[in-house]
Amino acid sequence: MSKQSMREETERLIKEAMERKSVTITQGETRIEAKCGKCGAPNRVKLPLGEKRATFTCKECGHKQRSL
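Owing to the predicted nature of the structure, the values given are computational and were not obtained by experimental measurement.

Peer 1: For this particular structure, what's the right way to read the overall build of the chain?
Peer 2: Each helix and strand counted, the chain has 1 helix and 4 strands in total. In terms of its C-alpha atoms, the chain occupies a principal-axis envelope of roughly 50 × 30 × 15 Å. Split into buried and exposed, the 68 residues of the chain put 18% on the buried side. Here the contacts in the chain between residues at least 6 apart in sequence split such that 10% fall between residues at least 24 apart. Total accessible area on the chain is roughly 6,100 Å²; 50% of this is exposed by carbon and sulfur atoms. Each charge class in the chain was averaged separately, 16 positive and 9 negative side chains, and the resulting centres sit 10 Å apart.

Peer 1: Just to check I follow, could you spell out a nonpolar patch on the surface for this structure?
Peer 2: Taken together, the side chains of Ile14, Met18, Val23 and Ile25 present a nonpolar region at the surface, about 390 Å² in accessible area. Turning to its location among the elements, Ile14 is positioned in helix H1 (residues 3–20). Judged by relative accessible area, which is 48%, Ile14 ranks as partly exposed.

Peer 1: Teacher, can you tell me more about the pairing of strand E1 (residues 30–35) here?
Peer 2: On a regular strand, each side chain points to the face opposite its neighbour's, so the side chains alternate between the two faces of the sheet. Summarising the sheet, E1 and strand E2 (residues 42–47) pair through 6 bridges and their orientation is antiparallel. Paired with Ile32 across the two strands is Val45, which belongs to E2. Linkage of E1 to E2, two consecutive antiparallel strands, is achieved through a turn of 6 residues, within which Gly40 is found at a positive phi near 85 degrees.

Peer 1: Which parts of the structure should I look at to understand the nonpolar core?
Peer 2: Burial of nonpolar side chains together is a common tendency in soluble globular proteins. Formed by Ala34, Val45, Leu47, Ala54 and Phe56, the largest nonpolar core amounts to 5 residues. Not counting the four nearest positions on each side in its chain, Ala54 is found in contact with Val45, Lys46, Leu47, Gln65, Arg66 and Ser67.

Peer 1: Where do I start with the side chain of Gln65 in this structure?
Peer 2: Among the secondary structure elements, Gln65 is positioned in strand E4 (residues 64–66). When residues no more than four places from it in sequence are discounted, the contact partners of Gln65 are Cys36, Gly37, Ala54, Thr55, Phe56 and Cys58.

Peer 1: Explain the environment of Lys35 to me, please; I cannot follow it from the model alone.
Peer 2: Mapping Lys35 onto the fold places it in strand E1. With a relative accessible area of 65%, Lys35 lands in the exposed category. For Lys35 and Lys3, which are 32 residues apart along the polypeptide, the C-alpha to C-alpha distance reads 38 Å. Ignoring anything within four residues of it in the chain, the contact list for Lys35 reads Gly40 and Ala41.

Peer 1: What is the right way to read H1 from this model?
Peer 2: Every α-helical turn comprises 3.6 residues, leaving residues that sit three or four positions apart pointing alike. Spanning 18 residues, H1 covers 26 Å between terminal C-alpha atoms, matching the ideal 26 Å at 1.5 Å per step. Lys21 sits one or two positions beyond H1 and adopts a positive phi of about 65 degrees.

Peer 1: Just to check I follow, could you spell out the side chain of Asn43 for this structure?
Peer 2: Take Asn43: it is sitting in strand E2. For Asn43, the side chain forms a polar contact with the main-chain nitrogen of Lys59, separated by 3.0 Å. Residues in contact with Asn43, not counting those within four places in the same chain, are Ile32, Glu33, Ala34, Cys36, Phe56, Thr57, Cys58 and Lys59.

Reading the values: rules and limits
- Residues numbered from 1 in each chain as written.
- Predicted model: local features only at pLDDT ≥ 70, side-chain atom pairs only at ≥ 80, totals over all residues.
- Heavy atoms only, no water.
- Helix = DSSP H or I, 4+ residues; strand = E, 2+ residues; numbered from the N terminus.
- Buried < 20%, exposed > 50% of the residue type's maximum accessible area, 1.4 Å probe, protein only.
- Contact = heavy atoms within 4.5 Å.
- Areas by Shrake-Rupley, 256 points an atom, 1.4 Å probe, with all protein chains shown as cover.
- Lys, Arg positive; Asp, Glu negative; His and termini not counted.
- Charge placed at Lys NZ, Arg CZ, Asp CG, Glu CD.
- Patch = residues over 30% accessible without salt bridge, like charges linked within 9 Å, V, L, I, M, F, W, Y side chains within 5 Å.
- Salt bridge = Lys/Arg side-chain N within 4 Å of Asp/Glu carboxyl O.
- Pairing = 2+ DSSP bridges.
- Core = buried A, V, L, I, M, F, W, Y, C linked by side-chain atoms within 4.5 Å.
- Expected span 1.5 Å × (residues − 1).
- Polar contact = N/O pair within 3.5 Å; in protein donor to acceptor, adjacent residues only side chain to side chain.

Set out below in structure tokens:
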């Protein structure tokens, strides 16, 4: 199967699923990987819809900060 035929098949399957209403698309919270400004440890932070920056506490050192 070529890439073009696989792409067409995928588009057809998605279109059929959308017509049957068996697939629902929803927006959820965004999860970003923030780095601590004090110790450099990675932290996973959830952002609510519409937010650009979130406040979080580092899991390693406990430093309170805002994500970029």
